[in-house]
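Coordinates in review
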Amino acid sequence: MFSIQVTNEIHLELISYDHSDALFSLIEIEREYLAQWLVWPKYISSKTDYDGFVKRSLTEYANEESLVLCIFYKGKPVGTAAFVNLQKDLEKGEIGYWIASSVQGNGIATQVSKKLIEIGFKKLGLSKIEVSVAVDNERSQAVCERLGMEIEGVISNVEKIGEKIFSHKKYALFNTNL
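Here is a short report on the structure shown in this document. (Residues numbered from 1 in each chain as written. Predicted model: local features only at pLDDT ≥ 70, side-chain atom pairs only at ≥ 80, totals over all residues. Heavy atoms only, no water.)

1. Some points on the side chain of Ser113
To be explicit about the condition: The secondary structure listing takes helices from DSSP runs of H or I that are at least 4 residues long and strands from runs of E that are at least 2 residues long, numbered from the N terminus. Polar contacts here mean pairs of N or O atoms no more than 3.5 Å apart (in protein, one a potential hydrogen donor and the other a potential acceptor; neighbouring residues in sequence count only if both atoms are side-chain atoms). Contacts between residues were defined by any pair of non-hydrogen atoms, one from each residue, lying within 4.5 Å.
With respect to the helices and strands, Ser113 occurs in helix 3 (residues 108–122). A distance of 2.8 Å separates a polar side-chain atom of Ser113 from the backbone oxygen of Ala109. Discounting residues that sit within four places of it in the chain, Ser113 has contacts with Ile95, Tyr97, Val143 and Leu147.

2. With respect to the packing of aromatic side chains
Condition: Centres within 6.5 Å are what make two rings of Phe, Tyr or Trp a pair, Trp counting through its six-membered ring; a difference in plane orientation under 30 degrees is then read as stacked, over 60 as edge-to-face, and the rest as tilted. Exposed residues in this analysis have more than 50% of their type's maximum accessible area, buried residues have under 20%, and partly exposed residues fall in between, with area computed by a 1.4 Å probe over protein chains only.
For the structure shown, the criterion picks out four aromatic pairs. For the pair Trp37 and Phe166, a centre-to-centre distance of 6.1 Å together with 55 degrees between the ring planes defines the contact as tilted. Remark: Phe166 occurs in strand 8 (residues 164–174) and Trp37 occurs in the loop between helix 1 (20–34) and helix 2 (47–62); sequence separation between them is 129 residues. The interplanar angle of 50 degrees and the centroid separation of 5.5 Å between the aromatic rings of Tyr50 and Phe53 together place this pair among those described as tilted. Pair noted here: Tyr50 and Phe53 are both in helix 2, with a separation of three residues, about one helical turn. What makes Tyr50 buried here is its relative accessible area of 2%. With a relative accessible area of 26%, Phe53 lands in the partly exposed category.

3. Here we look at unusual backbone geometry
Note on backbone geometry: most residues besides glycine have negative phi, and most peptide bonds are trans. With phi around 60 degrees, Glu64 is a residue other than glycine that occupies positive phi space. Summarising the element assignment, Glu64 is placed in the loop between helix 2 and strand 3 (67–73). Positive phi values are uncommon outside glycine, yet Glu91 reaches one of about 55 degrees. Considering the arrangement of structural elements, one finds Glu91 in the loop between strand 4 (76–87) and strand 5 (92–99).

Spelled out as structure tokens, the structure:
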């Protein structure tokens, strides 16, 4: 396991079973909020389900397919951030994250995403980093814009959450220092 310092109050750790109890409890508390934007909360209905996610995440990390990190704010787990769908042959990866509603507005998503971009470009050798954001999710769009990402386009009917079909804005940032 490793730890990455982001700011004095924020650090990241590779997802592990050590975080399972705290993160599953947080998902239980945040389930209704998370289910507005994410499809996966309905599939994590027990700690066993969450442990399965941890196992898959660690396997994908070992295979260099993803990198899932637990976000800590003031020493407490508050969500996860990840490179999902790492495609090293195409030199690109997509960032995803979720953060407890109780700590939003503290710059956590922006600072964590900024650190992931640094890792992606400097450590993983990526030339392009993407973020896919629901068109109604103005807060995550603002994070992308603060990071200097540009909209590549809007993809309609990307996912269905509950009874609502979402379209996504696809943001991208290219490593201009290659």
